[in-house]
Amino acid sequence: MRGVFAVGALDLFMERGFHPFDLAIGVSAGACNLASHLAGQEGRNRRAYFELMTTRRFIDPLRVLRGGSVVDLDWLWDTLAEREPLNVDRLLRNPTEFVVVGTSCSTGRAVYLVPDAANMFDVLKASCALPMLYRRTITLAGDAVFDGGVADPIPVEEAYRRGARRILVVRSRPASYVKKPRLENHLVSVVLRDQPKLIEAVHGSPSQYRRAVEFIHSPPKDCSILQLAPDAMLATTRTSRDASKLRLDYELGRALAEDLVERWNA
């Protein structure tokens, strides 16, 4: 749900006609936000967050007691497909290369997927499939794939490897924030005991996050990086359903994006 911050930023970019990018790499909810943005579907992300994702039908921790998932990605995908389907054709015609990050269950490493018309929805859903919140398995090319934020939460080094030298990083955490081990990192050993490589990836995620932050603050000499990040922790949490808090963070994303456009152009 913290992705609502990026939704505000992307909405402002679209209104300003700001899109100087050759490459767009999205992780988890960020990948879905980018998909609607690159497809030119103004307001689709905003409506998804405020009209669908704030409902108990989407987020319900008690559903675990009934054998379900905290987050019902399947319901969200089906409802969006019915109400406001993603314009995949327009997305694929966009000259900006679109890459989605996932985490391979068999290796525990990040996989960088370039979705096509046939697998677009499975790729996007896999990138959002956080093991502790979504219990189903999504298989791509014979391998189970989970949330990309596990193996590569901020794929700035991958952008650099692909030739990017002016990079914008959109984060839902303050610029100085580094991830620390959490209780769920230990619980995952029980929940995913039959998937050892994925467990390793979860335990290694804080280190990967710190490495990305270090790269952002000390990039190679031939690379410049701008961050769009809140000054303090967002009001929205991972599973917030409070529309007033989401609205605050959405508007914050818009405001900081306005400043970012000026900084980028300067």
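Residues numbered from 1 in each chain as written. Predicted model: local features only at pLDDT ≥ 70, side-chain atom pairs only at ≥ 80, totals over all residues. Heavy atoms only, no water.

Engineer: Is there a simple way to explain the side chain of Ser36 in this structure?
Structural biologist: Following the sequence through the fold, Ser36 ends up in helix H2 (residues 29-38). What Ser36 contacts, discounting residues up to four positions off in sequence, is Gln41, Arg44, Asn45 and Leu86. (Helix = DSSP H or I, 4+ residues; strand = E, 2+ residues; numbered from the N terminus. Contact = heavy atoms within 4.5 Å.)

Engineer: Mind showing me how you'd approach the pairing of strand S2 (residues 97-104) here?
Structural biologist: For a regular strand, side chains alternate in direction, first toward one face of the sheet and then toward the other. Most of S2 is tucked away: seven of the eight residues are buried. Pairing between strand S1 (residues 23-27) and S2: five bridges, direction parallel. Note on S2: the bridge partner recorded for Ala24 is Phe98. With four bridges joining them, S2 and strand S3 (residues 110-113) adopt antiparallel strand pairing. Of the residues in S3, the one forming a bridge with Gly102 is Val111. Following S2, the chain reverses through five residues before pairing antiparallel with S3; Gly108 in that reversal takes a positive phi of roughly 75 degrees. (Buried < 20%, exposed > 50% of the residue type's maximum accessible area, 1.4 Å probe, protein only. Pairing = 2+ DSSP bridges.)

Engineer: Hey, could you run me through the packing of H2 against helix H3 (residues 44-53) in this one?
Structural biologist: Relative orientation and spacing of two packed helices are given, respectively, by the angle between their axes and the distance between those axes. Their axes nearest at 8 Å, the elements H2 and H3 cross at an angle of 135 degrees. Considering their axes alone, H2 and H3 lie oblique with respect to each other. In contact with Ala29, Cys32, Asn33, Ser36 and His37 of H2, H3 contributes Arg44, Asn45 and Tyr49. Residues of the contact of H2 with H3, tallied by class, amount to three nonpolar, four polar and one charged. (Axes fitted to C-alpha atoms, helices over the stretch in contact; angles between N-to-C directions. Parallel < 35°, antiparallel > 145°, perpendicular 65-115°, else oblique. Nonpolar A, V, L, I, M, F, W, Y, C, P; charged D, E, K, R; others polar.)

Engineer: Help me understand H2, please; the structure alone is not making it clear to me.
Structural biologist: The periodicity of an α-helix, 3.6 residues per turn, causes residues three or four places apart in sequence to face the same way. Most of H2 sits out of view: eight of its 10 residues are buried. Within H2, burial applies to Ala31, Cys32, Asn33, Leu34, Ala35, Ser36, His37 and Leu38. The first or second residue beyond H2 is Gly40, which carries a positive phi of 70 degrees.

Engineer: Is there a simple way to explain the state of the cysteines in this structure?
Structural biologist: Among covalent bonds in proteins, the disulfide is the one between the sulfur atoms of two cysteines. Enumeration over the complete set of coordinates arrives at zero disulfides. Between Cys32, a free cysteine, and Cys128, which holds the nearest cysteine sulfur, the sulfur-to-sulfur gap is 3.5 Å. (Disulfide = S-S within 2.5 Å.)

Engineer: Explanation requested: the nonpolar core in the structure shown.
Structural biologist: Looking at soluble globular proteins, one finds that nonpolar side chains tend to be buried together. Formed by 60 residues in total, the largest nonpolar core has its most connected members in Phe13, Phe58, Phe98 and Leu124. No other element matches the seven residues that helix H1 (residues 4-16) contributes to this core. For Leu124, the contacting residues outside a window of four places in its chain are Ala31, Cys32, Ala35, Trp77, Leu86, Phe98 and Val100. The next biggest cluster of nonpolar side chains, apart from the first, holds 18 residues, and it includes Ile25, Val156, Ala164 and Ile225. (Core = buried A, V, L, I, M, F, W, Y, C linked by side-chain atoms within 4.5 Å.)

Engineer: What's the story with unusual backbone geometry in this structure? I'm lost.
Structural biologist: For residues besides glycine, phi is generally negative; the peptide bonds are generally trans as well. The backbone of Ser28 shows a phi angle near 55 degrees, a positive value even though the residue is not glycine. In this fold, Ser28 is placed in the loop between S1 and H2. Assessed through its relative accessible area of 17%, Ser28 is described here as buried. If you check the backbone angles, Ala141 has positive phi at about 50 degrees while not being a glycine. By secondary structure assignment, the location of Ala141 is in the loop between strand S4 (138-140) and strand S5 (143-147).

Engineer: Would you explain the pattern of salt bridges in this entry?
Structural biologist: This structure, assessed with the given rule, holds 19 salt bridges. A salt bridge links Arg16 to Glu258, with the shortest nitrogen-to-oxygen separation between them at 2.6 Å. Highlighted residues: Arg16 in helix H1 and Glu258 in helix H11 (residues 243-265), separated in sequence by 242 residues. Its relative accessible area of 44% is what places Arg16 among the partly exposed residues. Here Arg66 and Asp60 are joined by a salt bridge, their closest N and O atoms 3.4 Å apart. Overall, Asp60 belongs to the buried group, its relative accessible area being 7%. Look at the salt bridges and you will find they share partners, linking Glu97, Glu158, Arg161 and Arg162 into a network. (Salt bridge = Lys/Arg side-chain N within 4 Å of Asp/Glu carboxyl O.)

Engineer: Sorry if this is basic, but what is going on with the packing of aromatic side chains here?
Structural biologist: The geometry of an aromatic ring pair is captured by two quantities: the separation of the ring centres and the angle between the planes. Using the criterion set out here, one finds seven aromatic pairs in the structure. Summarising the aromatic geometry, the rings of Phe13 and Phe18 are spaced 4.9 Å apart at their centres and angled 55 degrees between planes, so their arrangement reads as tilted. The exposure classification of Phe13 matches that of Phe18, with both residues buried. Put simply, the rings of Phe13, Phe18, Phe21 and Trp264 touch in pairs and so form one group of aromatic residues. Sitting over the face of the ring of Trp264, Arg166 holds its NZ or CZ atom 4.3 Å from the ring centroid. (Phe/Tyr/Trp six-rings, centres within 6.5 Å; stacked < 30°, edge-to-face > 60°. Lys NZ or Arg CZ within 6 Å of the ring centre and 35° of its normal.)

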